[in-house]
Amino acid sequence: VIKELEVDRPALHIVRTGQQEFNFSDLLVTKTPAPAPGKPTRFALSNIRLHDGDVHFDDQVLGQEHKLEHIELDLPFIANLPADTEIFVQPLLRMIVDGSPVKIGARALPFAKEPESVIALRLDHFNLVPYVAYVPIKLPVKIPSGALSAFLQVHFAQTAPSPVIRVNGAVTLDDLDVRDGANAPLVGFKRAVAHLNDVEPLNGIVHLGPITMDGLNAELVRNRDGSTNLTPV
């Protein structure tokens, strides 16, 4: 049982040296066999605060650097004691990711018989360009510019017979430019806003509200063989 835990100005320097290799990978290697599963360790943590943290991520594989700055984490209470499993956990995380503010709040019952949580995510002009290279499949297009803003609520419930995930809120894309493999323009717009009334990704359900688009510019090319510049896409 910990009454209060405060960490001031923690700093991490992470280096990615290979596809699945990092500067801390050797610390995770062990020859000791995993212990047999037993009863979970009971704990109760209160008043957890992390102030002004920084993470520097040096990706030597892609030749990129990313920074998470001014990380603020507040976790009032979390416990798996039998008497506390029905108490809501309400963490709050704020930080600057590569110059864009990110705020994540939540209300969760992580140790209840049927765990559930509601997560509120806020992004403000998050630059998408540096992260396109991390998409696990090779994209047939290039995205030289684009910024994502969002205010979303994600509700997760571990119910029988299967878990349920519901998403609602609004997503905005600003100054998006999409080009083909030869760097010729395909489509772009100044701003597009989509309202998500009810999205259940596990069940393939998508209910959208109003969708608005400003400054749409599309380039369609029909080749002599009947194909178009959209065919590779």
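In what follows, the structure referred to is the one given above.
Source: prediction; values computed, not measured.

Which residues make up the overall build of the chain, and what values go with them?
Of the regular secondary structure elements, the chain holds 0 helices and 13 strands. Along its sequence from the N terminus, the chain presents helices and strands in the succession β-β-β-β-β-β-β-β-β-β-β-β-β. Taken over C-alpha atoms, the radius of gyration comes to 22 Å for the chain, far larger than the 17 Å a tight globule of 233 residues would show. Dimensions of the chain along its principal axes, counting C-alpha atoms only, are 70 × 40 × 35 Å. Relative to its 233 residues, the chain shows a buried fraction of 27%. Across the chain, every contact between residues at least 6 apart in sequence was considered, and the portion connecting residues at least 24 apart equals 52%.

Break down the pairing of strand β8 (residues 116–127) for me, with residues and values.
Here strand β7 (residues 100–109) pairs with β8 via 8 bridges, running antiparallel. Note on β8: the bridge partner recorded for R107 is V118. Here β7 hands over to β8 after 6 residues, the two strands then running antiparallel side by side.

Help me get a handle on the pairing of strand β5 (residues 64–79), residues and values and all.
Alignment of strand β4 (residues 44–59) against β5, held across 12 bridges, turns out to be antiparallel. Each bridged residue has a counterpart across the sheet, and for R49 the counterpart in β5 is D74. In textbook terms, the turn of a hairpin is the stretch between consecutive antiparallel strands, and for β4 and β5 this stretch comprises 4 residues, one of which, G63, has a positive phi near 65°. Two strands pair when backbone bridges link them, and β5 and strand β6 (residues 92–97) are joined in this way by 5 bridges, in the antiparallel orientation. Considered in β6, the bridge of L73 is made with L93.

Describe in detail the side chain of D174, supporting the description with residues and values.
Relative to the elements of secondary structure, D174 occurs in strand β10 (residues 164–179). Residues within four places of D174 in sequence aside, it is in contact with H125, G146, A147, S149, K190 and R191.

Tell me about the packing of aromatic side chains, and please be specific about residues and values.
This structure, assessed with the given rule, holds 3 aromatic pairs. Look at F22 and F24: their rings are 5.3 Å apart centre to centre, the planes differ by 10°, and that puts the pair in the stacked class. When its relative accessible area of 31% is taken as the criterion, F24 is described as partly exposed. Taking the centre distance of 6.3 Å and the plane angle of 40° together, the rings of Y131 and Y134 count as tilted. The partly exposed category is assigned to Y131, whose relative accessible area is 26%. Its relative accessible area of 30% is what places Y134 among the partly exposed residues. A network of ring pairs unites the aromatic residues F126, Y131 and Y134 as a single cluster.

So what's going on with the environment of G18? Which residues, and what values?
For G18, the position within the fold is in strand β2 (residues 11–18). Along the sequence, G18 and Y134 sit 116 residues apart, while their C-alpha atoms lie 13 Å from each other.

Give me the lowdown on the environment of H70, citing residues and values where you can.
With respect to the secondary-structure elements, H70 resides in strand β5. Among the residues examined, H70 registers a relative accessible area of 47% and is labelled partly exposed. As for H70 and R94, which are separated by 24 residues in sequence, their C-alpha atoms are 7.8 Å apart.

Account for the nonpolar core, with residues named and values stated.
Counting residues in each nonpolar core, the largest one holds 8 residues, listed as V55, I71, M95, V97, V102, L123, F126 and L148. Among the secondary structure elements, those contributing two or more residues to this core are β6 and β8. Setting aside residues no more than four positions away along its own chain, L148 makes contact with L123, D124, H125, F126, L128, V171, T172 and L173. Within the second largest apolar cluster, 6 residues are counted, among which are L176, V178, F189 and A192.

Describe unusual backbone geometry, and please don't skip the residues or the numbers.
Here the phi dihedral of H125 falls at roughly 50°; this positive angle occurs in a residue that is not glycine. Structurally, the position occupied by H125 is in strand β8. In this structure H125 comes out as partly exposed when scored by relative accessible area, which is 41%. The backbone of D175 sits at a positive phi, close to 50°, despite the residue not being glycine. In this structure, D175 sits in strand β10.

Parameters at a glance
Residues numbered from 1 in each chain as written. Predicted model: local features only at pLDDT ≥ 70, side-chain atom pairs only at ≥ 80, totals over all residues. Heavy atoms only, no water. Helix = DSSP H or I, 4+ residues; strand = E, 2+ residues; numbered from the N terminus. Rg over C-alpha atoms; globule rule 2.2 N^0.38 Å. Buried < 20%, exposed > 50% of the residue type's maximum accessible area, 1.4 Å probe, protein only. Contact = heavy atoms within 4.5 Å. Pairing = 2+ DSSP bridges. Phe/Tyr/Trp six-rings, centres within 6.5 Å; stacked < 30°, edge-to-face > 60°. Core = buried A, V, L, I, M, F, W, Y, C linked by side-chain atoms within 4.5 Å.

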